[in-house]
Amino acid sequence: MDKQEQKKILIDMIKSDEELGLYDDIEINRIELICKDCSDSLEDCTCIKSTVDFTKQEIKLEEVFNDDKKENIKKFIDEINNPSEPNQALKDAAQRLKNSIRTI
């Protein structure tokens, strides 16, 4: 028997089990989040509403992605593409590291 036949038989068996109501008591893919303070589900919890601000605020695109931020992003990308020369202290530290590795 090939895989397609096995798959069809399995699907038919599950469908007939569903028709018989064998899966009625099982909640599949249901995760219930519980409040640690009152042990209610988060949907019913009243204590979370007093600790979290659920007010909705409109976010405008121009406030999020303004000219200053665009310029900072351009500078950041430019620094990645064209890194500056390491300073002398960094060069000295790299040389000391190379020398210490050679002596080991």
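This one's a predicted model, so the numbers in the text were calculated from it and none came from an experiment.

(A) Structural context of the overall build of the protein chain. A tally of helices and strands in the protein chain yields five helices and zero strands. Starting at the N terminus and walking to the C terminus, you meet the elements of the protein chain as α-α-α-α-α. Each of the 104 residues in the protein chain was classed as buried or not, and the buried ones make up 4%. Of the roughly 10500 Å² of accessible surface on the protein chain, a fraction of 54% belongs to carbon and sulfur atoms.

(B) How the structure looks around unusual backbone geometry. In this structure, Ser39 takes a positive phi of about 65 degrees despite not being glycine. Structurally, Ser39 can be placed in the loop between α1 (3-20) and α2 (47-51).

(C) Region of interest: the pattern of salt bridges. A full pass over the atoms with the stated rule returns one salt bridge. With a closest N to O distance of 2.9 Å, Lys8 and Asp12 form a salt bridge. A residue pair is termed a helical-turn pair when its members lie 3 or 4 positions apart in one helix, as Lys8 and Asp12 do in helix α1 at four residues. Look at Lys8 and you get exposed, because its relative accessible area is 53%.

(D) Summary view of a nonpolar patch on the surface. A cluster of nonpolar side chains, namely Ile59, Val64, Phe65, Ile73, Phe76, Ile77 and Ile80, defines an oily patch on the protein surface of about 700 Å² accessible area. At four residues, helix α4 (residues 67-81) tops the list of elements feeding residues into the nonpolar patch. By the element assignment, Ile73 lies in helix α4.

(E) Representation of α1. With 18 residues, α1 should cover 26 Å at 1.5 Å per step; its first-to-last C-alpha distance of 26 Å lies within 8% of that length. Positioned one or two residues after α1, Gly21 has a phi angle of 85 degrees, which is positive.

(F) The side chain of Asp17, seen in detail. Tracing the backbone shows Asp17 in helix α1. Among buried Asp, Glu, Lys and Arg side chains, Asp17 stands out as unpaired, with Lys15 the closest opposite charge at 13 Å. Not counting chain neighbours up to four residues away, the residues in contact with Asp17 comprise Leu22 and Tyr23.

Rules behind the numbers
Residues numbered from 1 in each chain as written. Predicted model: local features only at pLDDT ≥ 70, side-chain atom pairs only at ≥ 80, totals over all residues. Heavy atoms only, no water. Helix = DSSP H or I, 4+ residues; strand = E, 2+ residues; numbered from the N terminus. Buried < 20%, exposed > 50% of the residue type's maximum accessible area, 1.4 Å probe, protein only. Areas by Shrake-Rupley, 256 points an atom, 1.4 Å probe, with all protein chains shown as cover. Salt bridge = Lys/Arg side-chain N within 4 Å of Asp/Glu carboxyl O. Patch = residues over 30% accessible without salt bridge, like charges linked within 9 Å, V, L, I, M, F, W, Y side chains within 5 Å. Expected span 1.5 Å × (residues − 1). Lys, Arg positive; Asp, Glu negative; His and termini not counted. Contact = heavy atoms within 4.5 Å.

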